[in-house]
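These are the residues of each chain, in order.
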Amino acid sequence: MFTLRQLEFVVAVAEEGSFTAAAVRCHTVQSALSHQVARLEEAFGARLFERGHRRVRPTAAGEIFLRNARLTLQAATRLQEEMALALGTVRGRINIGQITSLNVIDVPAVLATFRAAHPAVDVHLRVGMSEALLADLDEGRLDIALIGVGPQLTLPAQHRLLHEEGLSLVMPPDHPLTARKEIPLEALDGIPLAALVAGAGVRRMVDDALLGRGIRPQLQYEVTHSEIQRQLVAAGLAVAVVPASMADRMEGVSVRPLAETFQFRTCAVWRADPTPAARALLALLPPLAA
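Described in the following lines is the structure provided in the data block.

### Side note on the sheet that holds strand β7 (residues 167–171)
Next, step 1: Strand order in the open sheet made by the 3 strands is β10-β7-β11, with antiparallel pairing throughout. With partners counted over all chains shown, the strands left at the sheet margins are β10 (240–243) and β11 (254–257), one partner each. Going from strand to strand, the sheet's axes swing by 35° on average, the running direction of each strand aside.
Next, step 2: Of the strand pairs in this sheet, β7 and β11 are connected by 4 bridges, and their pairing is antiparallel. For V170, the partnering residue across the bridge sits in β11 and is V255.

### Considerations on the packing of helix α1 (residues 4–16) against helix α3 (residues 30–44)
Next, step 1: α3 packs onto α1 with a crossing angle of 105° between their chain directions and a minimal axis gap of 9 Å. Relative to α3, the element α1 lies roughly perpendicular. Here Q6, F9, V10 and V13 of α1 lie close against α3, whose contacting residues are L33, Q36, V37, R39 and L40.
Next, step 2: In terms of residue class, the contact of α1 with α3 is made up of 6 nonpolar, 2 polar and 1 charged.

The rules behind the values
- Residues numbered from 1 in each chain as written.
- Predicted model: local features only at pLDDT ≥ 70, side-chain atom pairs only at ≥ 80, totals over all residues.
- Heavy atoms only, no water.
- Pairing = 2+ DSSP bridges.
- Helix = DSSP H or I, 4+ residues; strand = E, 2+ residues; numbered from the N terminus.
- Axes fitted to C-alpha atoms, helices over the stretch in contact; angles between N-to-C directions.
- Parallel < 35°, antiparallel > 145°, perpendicular 65-115°, else oblique.
- Contact = heavy atoms within 4.5 Å.
- Nonpolar A, V, L, I, M, F, W, Y, C, P; charged D, E, K, R; others polar.

Okay, structure coming up:
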């Protein structure tokens, strides 16, 4: 009734929102792609897309078709990968996500080792915030995510703890709080703060702790990387709360541990049924970094 190529066409049209863009993505001409989609619609007796002037959208029947088409394509890809593994080769594609400020694992070194061992695997890496990476993993856009979270966030059963540590406050060298050996959260009340954007694991931990105690720092700077936090702090513009291991690597700032105990966890999280490529990469990650 249908071919895998036809399913690829339908998925491409839905994701690109255009028959023209889908044809480019699938390396074919638009007339051929449109003809194959029309054949599917005729076979099932239902329109799969509403064709507008600017964008094509799936119909209700199209959404059902898409959901099952994606599952079928995934199953076909998985069959190829598992058969290759049975013949001694790991192949396929692996999508990896990591947080912006991952410093307890040398990801490029891990990927270099992986590529040397499994050159037939197409590796894709994307950087983002922990909560967004978890959402992408749940929706099938990632195979593995390397994230940083606090204990308040429940992780899937498929995860491995890679590192656990407390949090520190980084300050300009001449900041009054440098006179203290450790910093209580109350000391942040009213102080300009440089924090990662919402969705970062540390941001979630700090926001929850401050809110629970009624502490209101001046959140003046929201950034996407710890190096920008360091630059803002070194310039005397703010203080920042970061993982202890990261604080110890920052230059031009003063560091003090927070008085409160925090458990910031760096974890590998993966899908419930990992592909051969994902299993091979997970084997290269340490169970718990020292």
